[in-house]
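# Structural characterization, general
Take a look at the letters that make up each chain.
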Amino acid sequence: MDPPMIELRGVTQHYGVRPVLRSVNLEIQRGELVVILGPNGMGKSTLLGVMAGVLSPQHGTVHVDGMPRKGSTDEEMAIRKSCVFLPDQPWLPAEMTGREFLLAVGRLYDVDDERLMAHADQLLDLFDLAEQGESPIRGYSAGQKKKVAVCSALIADAPILLLDEPFSGGLDPAGLLALKKLFQHHARRKELTIVMTSPVPELVEEIATRIIIIQNGAILADGSLDDLQRLTACRGTLGAVLERLIYPETNRKLAEYFQDFPR
Amino acid sequence: MRDDRRPRLPLLDAARGHLRVTAHWAMWFPFLIPFVMLEGYVRWKLGVGRFALPILTGFLVGWQAAVLGAYRAIVFHPRYDTAYRDWLAQTPWTAAKPLPRGPIHLVWPDGLVVVVLILIGLLTPDVEPMRIVSIYLLAYCAATVSLTLATLTFVPAYLAFFCMGFMARFWSLPWVCGALGLVSYLVVYWGIRSSLKSFPWSQGTENGPLSEAVALALGGAKKDKLGWPYERLLVQPARAFDERKLVTHSFIVCLLLGWWISCLAAHAADPVDFLDGMRGFGYMIAFFGSLFRLAAYVSGYAPPISLAGRITARRLLVPGYDAAFLVFPLMFLAPETVVKVGEALGVSPMVYAPIIPPLVLFIALATPPGLRQWRLTGRHRMVAAISAQDKNYVKVG
């Protein structure tokens, strides 16, 4: 059996006094489309940052494609070239055009020049940026900036995509649709390993092959939608499952709040 | 209208072409105006030898020789001019062909420039003609060596630096110094040829040369300024050696620095003053070395855990992060340690003082982790480190 594409063993991460991740163990296989869900401030982005190597956990180990993160310079460089990390708030070069930016990122990931040129045009066209792609990023709307950022992750042709809230940031419905279909296609057909976070379960429900729910820095539940429905004895949507799993307190508080209103 | 019947003078045409690269005419004014004023004042009012100003005019001649020598080395060098270098990389130019903007090695009209300076120098009583030749060659060689090093052509550059040390050692013997200058130039010329043969040099990132289509599409965009996170994760210093090479090159550079200091020490009168000077030089290297290491190692690479977190988690030391800062106390302790050891051994300060600056520099350059190792394997927390006021980047979300 192939080693997992991403493997975390006993990962504990502090920034300050409070641990953000507590002894997390996780294995992600090739071709999985994993969505990390959970309330704000519970460790979703931190977990992704640890996988991406931008954070150094205080305890535990991270392996990517069988290689330890930050083990040696050569291995680390190989890992970095095999996975793209897109944070929720990236910074883009203001004076570059969208097309130039995509080409430059593709070059960083050693994408073949011919493929790079063709792919950049395809992506810009897919996300309705064909015209805008020739002007500096500085003049883009929030949604267009987000689209270019997402395109930069896709143009790298890397086997692992680590994406922090790719559906947020003002994407229009056409952009959301394109992105969902792309992720689904890339995971199924190209066997890309995609790990993403999302605060909105409805957006990822239909594409996720695996859902990891994180709360207070620990994994609360891990499995497919069917697994989570069985776990919670709820046949509803992912939103309904989440209500049972991590928001029972919210439902109780809402009930109390509404009781105070006269009929 | 061009007169085609005008007789062609190939030698004059060639001289015009070469004179264009030897020294821009405007460079003579900042030298000639104060020189004429000072010399004129001394000769007409006070008489030669009655006032100390001839020393100043001699200095002006030497200064002009140094400026012209450095100018000659730098201005037409493709390593110095990024736009020229990038353009040249896209042409079919090879080292077998002349450089389009003009040669970067010395050509015979450069000799004319030196002769003019010597003739001007003859007006002042204290200027030795061979001294002007030496200064010109030293400035030219020093500037060329630094550019040769920047093209990663190490052996000729190090050897030239070593030869130039002999020039410093025999400075008081102008003809010997001049002859050593010619030897140094020959080594520098070898370096120029070697470095041009390896053109195009590294582009500053780990990428290879661009294909024509991508180069055209990218235009003048700065390919290594890609914002967060790409810049931090994948644009690595191309000139960061692996650990063994880093130590080797640092060692050679420091040996050469020590060699130069020992050459200069031959002119030092008082051993105590010399020791103080070297100690001060050592602390200066430690100070600027600290600033450089701080800027290179800390910007964008934050501690993995706050101080409060360290205390709470009972992990006061994070070896994978804190190791990068061991270099600071080492650099500042080195000068006094060398002095104490030298005194304990009863050796003359003229022997151990030249060790101080190279040792501090060696610590600054070679103390692990190297920059590449730190950026790739250090136990830090990478952050964007881009200010909201920075007009070069825009934030998404």
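Residues numbered from 1 in each chain as written. Chains lettered and ligands numbered in written order. Predicted model: local features only at pLDDT ≥ 70, side-chain atom pairs only at ≥ 80, totals over all residues. Heavy atoms only, no water.

## Topic: the sheet that holds strand E2 (residues 19-28) of chain A
All names here are of chain A. Ordered by their spatial adjacency, four strands build an open sheet running E2-E1-E4-E5, and the pairing between neighbours is antiparallel. For this open sheet the edge positions go to E2 and strand E5 (67-68), each flanked by a neighbour on one side alone. Bridge analysis of strand E1 (residues 6-14) against E2 gives six bridges, and the strand direction is antiparallel. Within the sheet, the bridge partner assigned to Leu 8 lies in E2 and is Leu 26. Most of the contacts of helix H1 (residues 44-52) go to E2, to which it runs at about 60°, and overall it touches E1, E2 and strand E4 (59-64). (Pairing = 2+ DSSP bridges. Helix = DSSP H or I, 4+ residues; strand = E, 2+ residues; numbered from the N terminus. Contact = heavy atoms within 4.5 Å. Axes fitted to C-alpha atoms, helices over the stretch in contact; angles between N-to-C directions.)

## With respect to the domain arrangement of chain B
Residues and elements named next belong to chain B. Parsing chain B into structural domains produces domain 1 (18-198) and domain 2 (258-382). Using only C-alpha atoms to locate each centre, domain 1 and domain 2 end up separated by 34 Å. Interface area for domain 1 against domain 2, summed over the two sides, is near 680 Å², with a carbon-plus-sulfur share of 78%. Taken together, the links from domain 1 to domain 2 amount to zero salt bridges. (Domains from an automatic or database assignment. Buried area = accessible area lost by both parts, 1.4 Å probe. Salt bridge = Lys/Arg side-chain N within 4 Å of Asp/Glu carboxyl O.)

## Structural notes on the packing of helix H7 (residues 154-169) of chain B against helix H11 (residues 243-265) of chain B
Residue and element names in this part refer to chain B. Across the interface, H7 lies against H11 with an axial gap of 8 Å and an inter-helix angle of 15°. On the basis of the axis angle, H7 is roughly parallel to H11. Of the two possible hands of crossing, H7 and H11 adopt the one that is left-handed. The segment H7 lies against H11, with Phe 154, Tyr 158, Phe 161, Phe 162, Met 164, Gly 165, Phe 166, Ala 168 and Arg 169 engaging His 249, Ile 252, Val 253, Leu 256, Trp 259, Trp 260, Cys 263 and Leu 264. (Parallel < 35°, antiparallel > 145°, perpendicular 65-115°, else oblique. Left-handed = near helix turned anticlockwise from the far one by under 90°.)

## Structural notes on the interface of chain B and chain A
Taken together, the contacts link 53 residues of chain B with 53 residues of chain A. Between chain B and chain A, roughly 4,600 Å² of surface is buried when both sides are summed, and carbon and sulfur atoms account for 64% of that area. At the junction of chain B and chain A, the tally comes to zero salt bridges. At the surface where chain B touches chain A, the tally comes to 15 residue pairs in polar contact (both at pLDDT 80 or more). Secondary structure elements with two or more residues in the side of chain B that touches chain A: helix H9 (212-218), helix H10 (230-234), helix H13 (307-312), helix H18 (371-377), strand E2 (381-382) and strand E3 (393-395) of chain B. (Polar contact = N/O pair within 3.5 Å; in protein donor to acceptor, adjacent residues only side chain to side chain.)

## Re the sheet that holds strand E9 (residues 193-197) of chain A
All names here are of chain A. Strands sit in the order E6-E8-E9-E3-E10-E11 across an open sheet of six strands; the sheet is mixed. At either margin of the open sheet sits one strand with a lone partner, and together these are strand E6 (83-86) and strand E11 (218-223). The average undirected angle you get between the axes of adjacent strands in this sheet is 15°. Bridge count for strand E3 (residues 33-37) against E9 is four bridges, and the pairing is parallel. Residue Val 34 lies in a different strand from E9, and its bridge partner there is Val 195. Each of strand E10 (210-215) and E11 touches helix H8 (residues 225-232); the most contacted strand, E11, lies at about 115° to it.

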